[in-house]
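# Inside the fold
Residue strings, one per chain:
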Amino acid sequence: MKFFVDTADIAEIKDLAATGLLDGVTTNPSLVAASGKNFLKLIEEVCHVVKGPVSAEVAATDYATMLKEGQKLAKIAKNVAVKVPLTPDGLKVCKALSDNGTMVNVTLCFSAAQAILAAKAGAAFISPFVGRLDDVGQDGMVLIRDIVQIYKAYPAFKTEVLVASVRHPIHLVEAAKMGAHVATIPPKVIRQLYSHPLTDKGLAAFVADWQKTGQTILDAA
Ligand code: G3P
């Protein structure tokens, strides 16, 4: 399973890239606004730090302007994945860019029917938003199970399921059990993945017991 980080905070991206566990980055207009950075320069910088796919979202909603924006974003670096909304115009842009070899991430997916359309439009990634479905009382993980099942039934679909709007570690574990290809995870949730109180307690006991031996590994003959 691939891990992307869902942030436009370059310091967080550098920090997480250093772990060696980061396979890509996703941004969206809200995250870019929160960063306060120039969008194109930010994407260029992120593409240097992380070699995997870096999602950069178009701002327009009409076909012609989205296509031009997508082409401009794709020129920033080879690893840019142009992010388009799941609308009729967005999927037309997806098809045009994908046919020319550009990776496209189709975002704002809330149904399996939408995910089928994105796969037929040649999307590299489909982004179902699990947390936002949970927020309105619909189980977001049911959508992931449905999309994974449908895509598996059609090997011609090359679209990867990119679980988005991840709010906690359980979303990630459930997505992994279902065989989702990718999860894009906020930095805070990535850090939560490491934690378990029994790890902390066990480590404290080992450190204390080791001190009782009076030995040091590096000084040992
Ligand atoms: O990047 C898209 C998605 O991950 C947004 O998540 O928490 O704003 O629903 P959230």
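The rules behind these values
- Residues numbered from 1 in each chain as written.
- Predicted model: local features only at pLDDT ≥ 70, side-chain atom pairs only at ≥ 80, totals over all residues.
- Heavy atoms only, no water.
- Core = buried A, V, L, I, M, F, W, Y, C linked by side-chain atoms within 4.5 Å.
- Buried < 20%, exposed > 50% of the residue type's maximum accessible area, 1.4 Å probe, protein only.
- Helix = DSSP H or I, 4+ residues; strand = E, 2+ residues; numbered from the N terminus.
- Contact = heavy atoms within 4.5 Å.
- Pairing = 2+ DSSP bridges.
- Right-handed = clockwise from strand over helix to strand, strands pointing away.
- Near = heavy atom within 4 Å.
- Polar contact = N/O pair within 3.5 Å; in protein donor to acceptor, adjacent residues only side chain to side chain.
- Areas by Shrake-Rupley, 256 points an atom, 1.4 Å probe, with all protein chains shown as cover.
- Nonpolar A, V, L, I, M, F, W, Y, C, P; charged D, E, K, R; others polar.
- Patch = residues over 30% accessible without salt bridge, like charges linked within 9 Å, V, L, I, M, F, W, Y side chains within 5 Å.
- Salt bridge = Lys/Arg side-chain N within 4 Å of Asp/Glu carboxyl O.
- Axes fitted to C-alpha atoms, helices over the stretch in contact; angles between N-to-C directions.
- Parallel < 35°, antiparallel > 145°, perpendicular 65-115°, else oblique.
- Left-handed = near helix turned anticlockwise from the far one by under 90°.
- Phe/Tyr/Trp six-rings, centres within 6.5 Å; stacked < 30°, edge-to-face > 60°.

## A short note on the nonpolar core
Grouped together as the largest cluster of nonpolar side chains are 59 residues, with contacts concentrated most on V106, I126, I144, V161 and V163. Of all the elements, helix α8 (residues 140-153) adds the most residues to this core, at six residues. Discounting chain neighbours no more than four positions away, the residues touching V106 are V84, P85, L86, L91, C94, A118, A123, F125, I126 and S127. The next biggest cluster of nonpolar side chains, apart from the first, holds five residues, and it includes F4, A81, F125 and L162.

## Side note on the pairing of strand β8 (residues 182-185)
Side chains V182 and T184 of β8 all project onto a buried face; the interleaved residues A183 and I185 project onto the opposite face, where all are buried too. In terms of strand pairing, strand β1 (residues 2-6) meets β8 through four bridges, oriented parallel. Note that in β8 the partner of V5 across the bridge is I185. When strand β7 (residues 160-163) meets β8, the two strands line up parallel, connected through two bridges. Across the sheet, residue V163 finds its bridge partner in β8, namely A183. Handedness of the β-α-β unit built from β7, helix α9 (residues 169-178) and β8 comes out right-handed.

## Quick look at the site of the ligand
Around the ligand, the neighbouring residues are D6, N28, K83, F129, R132, A164, S165 and R167. Within the side chain of S165, an N or O atom sits 2.7 Å from an oxygen atom of the ligand. In this structure, an oxygen atom belonging to the ligand sits 3.0 Å away from a side-chain N or O atom of R167. Alone, the ligand offers 310 Å² of accessible surface; in the complex the protein occludes 82% of this. The residue inventory of the shell around the ligand, partitioned by class, reads two nonpolar, two polar and four charged.

## Quick look at a nonpolar patch on the surface
A cluster of nonpolar side chains, contributed by L203, F206 and V207, occupies part of the molecular surface with about 330 Å² of accessible area. Locating F206 in the fold gives a position in helix α11 (residues 197-213).

## Looking at the environment of K120
Along the chain, K120 falls in helix α6 (residues 112-120). Spatially, the C-alpha atom of K120 lies 9.2 Å from that of K158, the residues being 38 residues apart in sequence. Among all residues touching K120, those that are not within four sequence positions of it are K95 and F157.

## Considering the packing of α6 against α8
Where α6 contacts α8, the axes come no closer than 9 Å and their chain directions differ by 40 degrees. Of the possible angle classes, the one that applies to α6 and α8 is oblique. Pair α6 / α8 crosses with right-handed handedness. Between α6 and α8, the contacting residues are A112, A115, I116 and A119 on the first element and L143, D146, I147, I150 and Y151 on the second.

## Describing the packing of aromatic side chains
Under the counting rule described, the total for this entry stands at four aromatic pairs. Each ring, one from F4 and one from F125, has its centre 5.7 Å from the other, and the planes form 75 degrees; the classification is edge-to-face. One end of the pair, F4, is in strand β1; the other, F125, is in strand β6 (residues 125-128), and 121 residues separate them in sequence. With respect to class, F4 is no different from F125; both count as buried.

## Regarding the sheet that holds strand β3 (residues 54-57)
As summarised here, the arrangement of the eight strands in space is β1-β2-β3-β4-β5-β6-β7-β8, forming a closed barrel in which the pairing is parallel. Between one strand axis and the next, the sheet turns by 30 degrees as a mean value, whatever way the strands run. When strand β4 (residues 80-85) meets strand β5 (residues 103-109), the two strands line up parallel, connected through five bridges. When the bridges of β5 are listed, K83 appears paired with N105. In the packing of α6 onto the sheet, the strands contacted are β5 and β6, and the crossing angle to β5 comes to about 165 degrees.

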